[in-house]
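The lines below spell out each chain.
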Amino acid sequence: MSSVYFERPHGFRDYLLQEYEKRYRLEEKIHDVFLAWGYDWLTTPLLEYEETIRQGLHKEEEEQLYRMFDSSGRTLVLRPEMTTPVARAVTTLLGNEPLPLHLAYIERTYRRVAARSHESSEVTQAGIELLGDATPDADAEVLAVMASVLQSVNVGHFRLAVGHTGFVGALLQDLPESIQQALRLSLLRKDAVSYEQLLHQQRDLISDREYEALLAMPRIRGGYDAIREAREHAIHPMAMKACDDLEALMDALGAHGLADVVQFDFGLYLEHDYYTGILFEGYVQSLGLPICFGGRYDRLLERFGRSLPATGGVLHLERLFTVMDRSETPAPRFLLFTGIEDRPLTYSFAQYLRQQGYAVRVVRKDDELPNESTMTAWMANGNLNSQNKELRRYFQEFAAMKEEKSEC
Amino acid sequence: MLTIAMAKGRVMKAAVALMEQAGYLPPENLEKTRKLILNDEKNQIRYLLAKPVDVPTYVERGAADLGVVGKDVLLEANSDVHELLDLGTGRCQLSIAGPPDRDINQVRRVGTKYPNYTSAYFLRRNQQVETIYLNGSVELAPLIGLADCIVDLVETGRTLEENGLVTWLSLEDISTRLIANRGSYQLRAEEIDRFTKRMRAVL
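Residues numbered from 1 in each chain as written. Chains lettered and ligands numbered in written order. Predicted model: local features only at pLDDT ≥ 70, side-chain atom pairs only at ≥ 80, totals over all residues. Heavy atoms only, no water.

Examining the overall build of chain B
Then step 1. The helix and strand tally for chain B stands at 8 helices and 11 strands.
Then step 2. When its C-alpha atoms are laid out on the principal axes, chain B stretches across 55 × 30 × 30 Å.
Then step 3. Residue burial in chain B is summarised as follows: out of 203 residues, 52% are buried.
Then step 4. The contacts in chain B between residues at least 6 apart in sequence include a share of 67% that link residues at least 24 apart.
Then step 5. With the model as given, the accessible surface of chain B reaches about 9,700 Å², and the carbon-plus-sulfur share is 47%.
Then step 6. Seen as two clouds, the 26 positive and the 27 negative side-chain charges of chain B have centres 3 Å apart. (Helix = DSSP H or I, 4+ residues; strand = E, 2+ residues; numbered from the N terminus. Buried < 20%, exposed > 50% of the residue type's maximum accessible area, 1.4 Å probe, protein only. Contact = heavy atoms within 4.5 Å. Areas by Shrake-Rupley, 256 points an atom, 1.4 Å probe, with all protein chains shown as cover. Lys, Arg positive; Asp, Glu negative; His and termini not counted. Charge placed at Lys NZ, Arg CZ, Asp CG, Glu CD.)

Quick look at the structure:
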């Protein structure tokens, strides 16, 4: 029988040694981009009350929560995402801060995944939330920050697909609730075939104009041309308003110089119910899953007692890690071998090298001479033996400095 | 160049005929060739010839931008891909079949090539069954007492009939589908939309 204690739980993984190092550098790069755009930071607890998380939960997510109990028997969950915890913190703790709020975080989130899924249960979300700004410029900024991160970590070709809940909502609103739900589910599952089959079954309930609009909607994609096409099918003022929003967004993105990385997709639909306006997903080459996503959620904060327009986006750090340019080599590390007699000299020379910005390891070695590599040195009888010119030069400098000191 | 993973076997002939009508002529006869990769330089299309169950995996993982495969395979794989088009070819039913003197409520064991789909189906029915995964000649299972019934594709029903089985219930309409990788669908939107449009025009 195999022992389970050797294994990781399904959906989790380890990051070791150089991989950890590279992952840490990636986090640093994202951190720097958010900081450079003037964002403030926050961190929130890994656990929240289930009631809190439920305010921003999609029905299918309920089964994905990791649940446990606190000492008084209330249900706690490992947070499945960050937007709701941020909304809670903002409404309860940041009431007096001037608006708009620009908030950033890099935090782990947890969702149970199906046993045969290759997705991970532990996802690090690197995200920003822009609260108290209802302009399309705020939405454009979120997209611009996402693009900034993707550019700074060299993921190569990427594209942000942008949709609008208002357009879908307007076209669906006159249909019976159950049909609306079924159509939304088809859009969410990206299943155009079942979407069209459902529409076809409802053909008698729907006017010609409505039918054509609903059929065309998921196929409308592109830039300004897509908005023009969508306007022809905007049979309701709410749909027209969505087109206005998207056009204003495109203008703002143009001002950022980002018009070419964005593509409208009128069939785009995301799982959270809290989205109220534009929403987006980002894709990079060689990854069949979104690398980032987000959108506008103007009604979520009022569930916590403070009505604030809000927009935001998150990057999936582990996915980003798999596609980023990882050719960057780690900083060089020196290895010093020392016998017992030479320890004081070796330790102070190691410290000197560390002050110069190098990583140094010291290994006690009393007997034989170790295999020499270009990064190693052997310290014996007060001297340094190494093939490495740089190390020899540093040792000369170090020795001269020591001599100077002892003279004074 | 767009890469299309084509499911070999049952669905390929009719799907290729449709693609030819749409102007996508493979450089060789896809059914006869022993090659696994074929390039059509003129239309900028690369064909991957794959076992049907592997097609959703190739597409989901991005080894192919598009895939042509039966809905039965998609139902079983439950992959995270775009389903773009029903090609309308390769039509048949995914059905429950068994001996004529019994019915679905008496079922305890089910033989099938579609274990995930079958388990999910009986779970929805609130019926506890044991799913037995079989790779071929599924009809044999009820004849030798391995299972009470089967969940399998039924085209004409002749195989069932010759083995003394009948269809109890049709579960799904199956046909050949065009699927797309989620990343490719956005990054190569222009190429994929053009391909889909041309295919839709000949349906």
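Some remarks on the pairing of strand S15 (residues 376–380) of chain A
As a general feature of sheets, a regular strand has side chains that alternate between the two faces.
Residue and element names in this part refer to chain A.
Then step 1. Burial analysis of S15 places 5 of its 5 residues in the buried class, the great majority of the element.
Then step 2. Of the two faces of S15, the one lined by Thr-376, Trp-378 and Ala-380 and the one lined by Ala-377 and Met-379 are each fully buried.
Then step 3. Here 4 bridges tie strand S13 (residues 333–338) to S15, and the two strands are oriented parallel to one another. Note on S15: the bridge partner recorded for Thr-338 is Met-379.
Then step 4. With 3 bridges joining them, S15 and strand S16 (residues 383–385) adopt antiparallel strand pairing. When the bridges of S16 are listed, Ala-380 appears paired with Asn-383.
Then step 5. Linking S15 back to S16 in an antiparallel pair, the connection comprises 2 residues, with Asn-381 at a positive phi of about 50 degrees. (Pairing = 2+ DSSP bridges.)

Section: unusual backbone geometry
Residue and element names in this part refer to chain A.
Then step 1. Between Leu-99 and the following residue, Pro-100, the backbone shows a cis peptide bond with an omega angle of -5 degrees.
Then step 2. Along the chain, the position of Pro-100 falls in the loop between helix H3 (83–93) and strand S5 (101–110).
Then step 3. In this structure, Asn-154 is a non-glycine residue whose phi angle is positive, near 55 degrees.
Then step 4. Considering the arrangement of structural elements, one finds Asn-154 in the loop between helix H4 (136–152) and strand S7 (158–164).

Points about the packing of aromatic side chains
Then step 1. One pass over the structure, following the stated rule, counts 17 aromatic pairs over all chains.
Then step 2. Between Phe12(A) and Tyr66(A), the aromatic rings sit 6.4 Å apart at their centres with planes inclined by 55 degrees, giving tilted as the arrangement. Of this pair, Phe12(A) sits in the segment before helix H1 (17–36) while Tyr66(A) sits in the loop between helix H2 (50–54) and strand S3 (67–69), and the two are 54 residues apart along the sequence.
Then step 3. Between Phe395(A) and Phe398(A), the aromatic rings sit 6.0 Å apart at their centres with planes inclined by 40 degrees, giving tilted as the arrangement. Separated by 3 residues within a single helix, Phe395(A) and Phe398(A) lie in helix H13 (residues 389–407), roughly one turn from each other.
Then step 4. Judged by relative accessible area, which is 10%, Phe395(A) ranks as buried.
Then step 5. A relative accessible area of 3% means that Phe398(A) is categorised as buried.
Then step 6. One aromatic cluster is present, built from ring pairs that chain together Phe349(A), Tyr352(A), Phe395(A) and Phe398(A).
Then step 7. When the ring centre of Tyr15(A) is taken as origin, the NZ or CZ atom of Arg13(A), which lies over that ring, is 4.0 Å away.
Then step 8. A cation sits over an aromatic face here: Arg221(A) above Tyr185(B), 3.6 Å from the ring centre. (Phe/Tyr/Trp six-rings, centres within 6.5 Å; stacked < 30°, edge-to-face > 60°. Lys NZ or Arg CZ within 6 Å of the ring centre and 35° of its normal.)

Regarding the confidence of the model for chain A
Then step 1. Residues with a pLDDT of 70 or more make up 98% of chain A, whose mean pLDDT is 92.
Then step 2. Looking at the elements of chain A, mean pLDDT is at its lowest for S15(A), recorded as 88, and at its highest for S5(A), recorded as 98. (pLDDT = per-residue confidence, 0-100.)

Here we look at the nonpolar core
Then step 1. Ranked by internal contacts, the top residues of the largest apolar core, which has 74 residues, are Phe167(A) and Leu320(A).
Then step 2. Core analysis: the next-biggest nonpolar cluster, separate from the first, contains 26 residues, Met19(B), Ala22(B), Leu87(B) and Met199(B) among them. (Core = buried A, V, L, I, M, F, W, Y, C linked by side-chain atoms within 4.5 Å.)

A closer look at the interface of chain B and chain A
Then step 1. Between chain B and chain A, the contact holds 26 residues from the first and 26 residues from the second.
Then step 2. Both faces considered, chain B and chain A share a buried interface measuring about 2,100 Å² in area, 42% of it formed by carbon and sulfur atoms.
Then step 3. When residues of chain B are sorted by the area they lose upon contact with chain A, Arg182(B), Gln186(B) and Leu187(B) head the list and together hold 36% of the total.
Then step 4. Our count for the contact surface shared by chain B and chain A stands at 3 salt bridges.
Then step 5. Residues Arg159(A) and Glu190(B) are paired through a salt bridge, measuring 3.0 Å at the closest nitrogen-oxygen approach.
Then step 6. Our count for the contact surface shared by chain B and chain A stands at 11 residue pairs in polar contact (both at pLDDT 80 or more).
Then step 7. Where the side of chain B that touches chain A is concerned, the elements lending two or more residues are helix H3 (71–77), strand S5 (82–86), helix H7 (182–187) and helix H8 (189–201) of chain B.
Then step 8. Residues belonging to the side of chain B that touches chain A are distributed by class as follows: 7 nonpolar, 6 polar and 13 charged. (Buried area = accessible area lost by both parts, 1.4 Å probe. Salt bridge = Lys/Arg side-chain N within 4 Å of Asp/Glu carboxyl O. Polar contact = N/O pair within 3.5 Å; in protein donor to acceptor, adjacent residues only side chain to side chain. Nonpolar A, V, L, I, M, F, W, Y, C, P; charged D, E, K, R; others polar.)

Things to note about the sheet that holds strand S4 (residues 75–78) of chain A
Residues and elements named next belong to chain A.
Then step 1. The strand order across the open sheet built from 3 strands is S2-S4-S3, with neighbouring strands paired in antiparallel fashion. In this open sheet, the two strands that pair with only one neighbour each are strand S2 (47–49) and S3. Each neighbouring strand pair of the sheet contributes to a mean axis angle of 40 degrees, computed without reference to strand direction.
Then step 2. Pairing of S3 with S4 involves 3 bridges; the strand directions are antiparallel. Bridge assignment links Met-68 to a residue of S4, and that residue is Leu-76. (Axes fitted to C-alpha atoms, helices over the stretch in contact; angles between N-to-C directions.)

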